[in-house]
Amino acid sequence: MYDDDPIERYGLKLGPYPECVIPTDKIEARLREYPPGSTQPKVVLLGTGSYSPVHRMHVAKFHLVRAYLEGQGVFVAGGLMSPGHDIHVVLKLAEKAIPVADRVAMCRMACQGESWLGVSTWECHQQGFVDFPSVTRNHRKYFDEKFPEHHIRVVYICGADLAIKCRLERGLNDLRVAAVCRPGYSMDDMLERARPHEPGDSLAYFYVIETDQIEDVSSTEIRRRAASPDGRHTLGELMLPETAHYFIKHMEARAKQEQPNSRSCIIS
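Quick caveat, the model's predicted, so the values are computed rather than measured.

Asks: I'd like a description of the pairing of strand S5 (residues 176-181), backed by residues and values.
Replies: For S5, the buried fraction is high: six of the six residues fall into the buried class. Side chains Arg176, Ala178 and Val180 of S5 all project onto a buried face; the interleaved residues Val177, Ala179 and Cys181 project onto the opposite face, where all are buried too. Across five bridges, strand S4 (residues 152-159) lies against S5 in parallel orientation. Paired with Ile157 across the two strands is Ala178, which belongs to S5. Viewed along the sheet, the connection from S4 through helix H8 (residues 160-165) into S5 turns out right-handed.

Asks: Requested: an account of the packing of aromatic side chains, with residues and values cited.
Replies: Within this structure, the stated rule accounts for four aromatic pairs. Aromatic side chains Tyr68 and Tyr207 sit 6.2 Å apart centroid to centroid with 75 degrees between the ring planes, which places their arrangement in the edge-to-face category. Within this pair, whereas Tyr68 is found in helix H3 (residues 56-71), its partner Tyr207 is found in strand S6 (residues 206-210), the two being separated by 139 residues in sequence. Residue Tyr207 is classed as buried on the basis of its relative accessible area of 6%. Judged by centre distance (4.8 Å) and plane angle (15 degrees), the ring pair of Phe132 and Tyr156 falls under stacked.

Asks: With reference to specific residues and values, describe the pairing of S6.
Replies: Taking burial as the measure, the five residues of S6 include four buried ones, the bulk of the element. Summarising the sheet, S5 and S6 pair through five bridges and their orientation is parallel. The residue of S6 that forms the bridge with Ala178 is Tyr207.

Asks: Tell me about the confidence of the model for the protein, and please be specific about residues and values.
Replies: The pLDDT averaged across the protein works out to 86; a share of 88% of its residues lies at or above 70. Across residues 261-268 the pLDDT falls below 50, and counting only partners more than four positions away or on other chains, this stretch makes 20 contacts in the model.

Asks: Could you give me a rundown of a negative patch on the surface, with the residues and numbers involved?
Replies: A grouping of Asp188, Asp189, Glu192, Glu210 and Asp212 is seen on the molecular surface, where their side chains present a negatively charged patch. By the element assignment, Glu192 lies in helix H9 (residues 188-193). Taking the relative accessible area as the measure of exposure, Glu192 reaches 67% and is therefore exposed.

Asks: Got a sec to walk through the sheet that holds S4? Specific residues and values, please.
Replies: The strand order across the open sheet formed by six strands is S3-S2-S1-S4-S5-S6, and the pairing between neighbours is parallel. Strands at the two margins of the open sheet, each flanked by one partner only, are strand S3 (117-119) and S6. Along the sheet, successive strands turn relative to each other by an average axial angle of 25 degrees, direction set aside. In terms of strand pairing, strand S1 (residues 42-49) meets strand S2 (residues 75-83) through eight bridges, oriented parallel. Residue Gly49 lies in a different strand from S2, and its bridge partner there is Pro83. Strand contacts of helix H5 (residues 100-111): S2 and S3, with the helix running at about 170 degrees to S3, the strand carrying the most contacts. Running at roughly 155 degrees to S4, helix H7 (residues 132-146) makes contact with S1, S2 and S4 of the sheet.

Asks: Lay out the side chain of Glu169 in plain terms, naming residues and giving numbers.
Replies: Summarising the element assignment, Glu169 is placed in the loop between H8 and S5. Within the structure, Glu169 has its side chain in polar contact with the side chain of Arg193 (distance 3.2 Å). Ignoring any residue separated from it by four or fewer positions in sequence, one finds Glu169 in contact with Ala163, Met190, Arg193, Ala194, Arg195 and Phe206.

The rules behind the values
Residues numbered from 1 in each chain as written. Predicted model: local features only at pLDDT ≥ 70, side-chain atom pairs only at ≥ 80, totals over all residues. Heavy atoms only, no water. Buried < 20%, exposed > 50% of the residue type's maximum accessible area, 1.4 Å probe, protein only. Helix = DSSP H or I, 4+ residues; strand = E, 2+ residues; numbered from the N terminus. Pairing = 2+ DSSP bridges. Right-handed = clockwise from strand over helix to strand, strands pointing away. Phe/Tyr/Trp six-rings, centres within 6.5 Å; stacked < 30°, edge-to-face > 60°. pLDDT = per-residue confidence, 0-100. Contact = heavy atoms within 4.5 Å. Patch = residues over 30% accessible without salt bridge, like charges linked within 9 Å, V, L, I, M, F, W, Y side chains within 5 Å. Areas by Shrake-Rupley, 256 points an atom, 1.4 Å probe, with all protein chains shown as cover. Salt bridge = Lys/Arg side-chain N within 4 Å of Asp/Glu carboxyl O. Lys, Arg positive; Asp, Glu negative; His and termini not counted. Charge placed at Lys NZ, Arg CZ, Asp CG, Glu CD. Axes fitted to C-alpha atoms, helices over the stretch in contact; angles between N-to-C directions. Polar contact = N/O pair within 3.5 Å; in protein donor to acceptor, adjacent residues only side chain to side chain.

Structure (C-alpha cells):
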C-alpha cells in the first residue's frame, strides 16, 4: 500500500494487535434490557481513531451520541472504541506513535467502569490499514452473524470535519453516521442533503448532535504535556486517572529507551 514501511522507517517495533476481539458481553447484557414488544431500532455505536492516547472526550462523545439517539427512540445496545492500526498511527505521528498494545490497554481502562462500552481489536488486528467504512461494515457483518434475531445496526461516530470531508450525510451504504459538532458549526445543508429514511425504518442515515459539552481536549495536547515532567502532573485534567498513570509510565519507559539526538525509538 505504501512505497516503504513506515514502521521500519522510524525504527519502531510495532505491528498488528495479536488478538482479534469484538467484545459482546456488555452488548448481550444490554439486549436483555430491550423492552418486550418494542419496535425501537437497535444499534451499536462505533468510534475509530488513533486513541493515541484515549482521553475524557473520547468517552464523553459516546455518551452524548447515546443520549441523543435514545431521545430519538433508538435502543443503544452498546458502544465500541476501535483503535487504528499501527501503520496508520505511525504515518500520522511518526516517532511519537504509541504502540497498539498500549493504546488498546488504555482504551480498555477508559471503558472499564462503563456498563455498555468496550474495545474492539478487529481493526488493529488486520495486516494493514483499514479505512473506517470497511471497519464499520465488518462490525455490522459480525453482529448480523452473532445476533441474527436482533437486526443490530452500527452507527459510526465522528466529528463534523470528517463528516464534511467525506460527505457522510449520504450514509455508508446501509450504515449510519452520527456527527458531533459544536454550536454554530453549520451543518444544515448536509442535513437537507441527507439520505432519507427507508420506508418503515425509523433509523436515520445521518444524525447531527450539536453540543456545547465538547471541551478542548485532544491527544495532541496530552502528548505535548507529557513531554515535560511538569506537564505530566496536569494530565489528570484531560485523561481518566488510570489511563493518565499508564500513559506516564509509558512515556517514562520510552524516554529510557530513546538514544540521545536520535529520531527513532525502540519499543518492545
